[in-house]
Amino acid sequence: MQSVWVCLEGNARPQGELCAGRAAWGQGGSSAARVAARDTLPNPSALAAPPRLGMEVMAPPIINALNGSSVKLSCTFNSCYKVENKQFSLNWTYQECSNCSEELFLQFRTKIMNKQLDRFGNRVEFTGNPAKYDVSFTLKNVQLEDEGTYNCYVLNPPDRHRGHGKISLKVLTKEPPKADSTVAVIVGASVGGFLAVVILVLMVVKCVRRKKQQRLNTDDQKTEEEGKTDGEGNPDEGTK
């Protein structure tokens, strides 16, 4: 019987541990090891929903960059397996429009290889670390012509499925205006002032109630003492 292993969402960390029982379950493993590996399998009821694929790539859908600046295009991934340089592969491609063909400009095969397209020249710098599941790169001196879609393709065997991340780069000619915070300041001050008044009123009411209670307690105590005195009476009058 062949055992099927999947990397369920939320179980990809720590990397590689989910698939650790694979060797023990395969041919050549002892009976005890197979039992231990079998016990690590998820409960069948947990597999009722379709599992996520082992490879998951995370990249921001849109990045804005100021013309002439440097920008980091971030791409990270999760995998059931540790990254081995001999098997791991990475492709970064550029797509000028949705119907345009993709142009390969950065590749990892045992080591990083910069294709140095005429479009980018030497402005592309790989700033990721595959061993840490990071394959980001930095684009220097951003130009208006750099706008477009950047595709990040990752394959980390034994994962059979290639992960794909997509980033849309928007190049700005000037910094976007800062949001006017005047309204927010006014609203915040109003709310803060109102809360301060409420707290002050509550404190005054509490103090007044406490003083009233203290007075009542004092009056009750005096009444009780007077009652005791009247009850005892004058001893001379009692003998008469």
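Residues numbered from 1 in each chain as written. Predicted model: local features only at pLDDT ≥ 70, side-chain atom pairs only at ≥ 80, totals over all residues. Heavy atoms only, no water.

**Focus: the environment of Pro61**
In this fold, Pro61 is placed in the loop between β1 (56-58) and β2 (62-66). On a C-alpha basis, the gap between Pro61 and Gly165 in space is 8.4 Å, while along the polypeptide they are 104 residues apart. Once you skip the residues sitting within four places of it in the chain, Pro61 turns out to touch Lys166, Ile167 and Ser168. (Helix = DSSP H or I, 4+ residues; strand = E, 2+ residues; numbered from the N terminus. Contact = heavy atoms within 4.5 Å.)

**Details of the nonpolar core**
Counting 30 residues, the largest nonpolar core has Trp92 and Tyr150 as the members making the most contacts within it. Setting aside chain neighbours within four positions, we find Trp92 in contact with Leu73, Cys75, Glu103, Leu104, Phe105, Leu106, Val135, Phe137, Tyr150, Asn151, Cys152 and Ile167. (Core = buried A, V, L, I, M, F, W, Y, C linked by side-chain atoms within 4.5 Å. Buried < 20%, exposed > 50% of the residue type's maximum accessible area, 1.4 Å probe, protein only.)

**Some remarks on the sheet that holds strand β3 (residues 71-73)**
Pairing between the strands of a sheet is mediated by backbone hydrogen bonds and can be parallel or antiparallel. Pairing is antiparallel in the open sheet, where three strands are placed in the order β3-β9-β8. Strand pairing shows two members of the sheet lacking a second neighbour, β3 and β8 (124-126), which therefore form its edges. Averaged over all pairs of adjacent strands, the angle between their axes in this sheet comes to 30°, without regard to strand direction. As judged from the three bridges shared by β3 and strand β9 (residues 137-139), these two strands associate in the antiparallel manner. Of the residues in β9, the one forming a bridge with Lys72 is Thr138. (Pairing = 2+ DSSP bridges. Axes fitted to C-alpha atoms, helices over the stretch in contact; angles between N-to-C directions.)

**Details of the sheet that holds strand β6 (residues 103-109)**
Strand order in the open sheet formed by six strands is β2-β11-β10-β5-β6-β7, with mixed pairing between adjacent strands. Either end of the sheet is taken by a strand with one partner, and the two such strands are β2 and β7 (111-114). On average, adjacent strands in this sheet sit at an angle of 20° to one another, irrespective of strand direction. Both strand β5 (residues 89-95) and β6 contribute to a ladder of six bridges, which runs antiparallel. Following the sheet pairing, Ser89 is matched in β6 by Arg109.

**Let's talk about the pairing of strand β11 (residues 163-172)**
With five bridges connecting them, β2 and β11 associate as parallel partners. Residue Ile62 lies in a different strand from β11, and its bridge partner there is Ser168. For strand β10 (residues 148-155) and β11, the ladder comprises seven bridges, and the chain directions are antiparallel. Bridging from a neighbouring strand, Tyr150 pairs with Ile167 of β11.

**Quick word on the packing of aromatic side chains**
One pass over the full model with this rule turns up eleven aromatic pairs. For the ring pair Phe120 and Tyr150, a centre distance of 6.1 Å and an interplane angle of 35° mean the geometry is tilted. Here Phe120 is found in the loop between β7 and β8, whereas its partner Tyr150 is found in strand β10, with 30 residues between them in sequence. (Phe/Tyr/Trp six-rings, centres within 6.5 Å; stacked < 30°, edge-to-face > 60°.)

**Some words on the pattern of salt bridges**
Evaluation of the coordinates by the stated rule reveals four salt bridges. Linking Arg119 and Glu96 is a salt bridge whose minimum nitrogen-to-oxygen distance equals 3.6 Å. With a gap of 23 residues between them, Arg119 in the loop between β7 and β8 and Glu96 in the loop between β5 and β6 connect regions that are remote in the sequence. Of the charged contacts in the structure, one is a salt bridge between Lys140 and Glu125, with a shortest N-O distance of 3.1 Å. (Salt bridge = Lys/Arg side-chain N within 4 Å of Asp/Glu carboxyl O.)

**Brief notes about a nonpolar patch on the surface**
Taken together, the side chains of Val191, Phe194, Leu195, Val198, Ile199, Leu202 and Met203 present a nonpolar region at the surface, about 680 Å² in accessible area. Inspection of the secondary structure assignment puts Phe194 in helix α3 (residues 182-232). (Patch = residues over 30% accessible without salt bridge, like charges linked within 9 Å, V, L, I, M, F, W, Y side chains within 5 Å. Areas by Shrake-Rupley, 256 points an atom, 1.4 Å probe, with all protein chains shown as cover.)

**Observations regarding a positive patch on the surface**
Together, Arg209, Lys211, Lys212 and Arg215 line one region of the surface with positive charge. With respect to the secondary-structure elements, Arg209 resides in helix α3. (Lys, Arg positive; Asp, Glu negative; His and termini not counted. Charge placed at Lys NZ, Arg CZ, Asp CG, Glu CD.)

**Describing the confidence of the model for the chain**
Averaged over the chain, the pLDDT score is 77; the fraction of residues at 70 or greater is 66%. Throughout residues 8-18 the model reports pLDDT below 50, and contacts reaching past four residues in sequence, or to other chains, amount to 23 contacts. In this model residues 44-52 is a low-confidence stretch, pLDDT under 50, and it forms six contacts with partners more than four residues away in sequence or in other chains. (pLDDT = per-residue confidence, 0-100.)

**Section: the pairing of β5**
Taken across its seven residues, β5 has seven buried, putting it largely inside the fold. The alternating pattern of β5 places Ser89, Asn91, Thr93 and Gln95 and Leu90, Trp92 and Tyr94 on opposite faces, both of which are buried. When β5 meets β10, the two strands line up antiparallel, connected through seven bridges. The residue of β10 that forms the bridge with Thr93 is Asn151.

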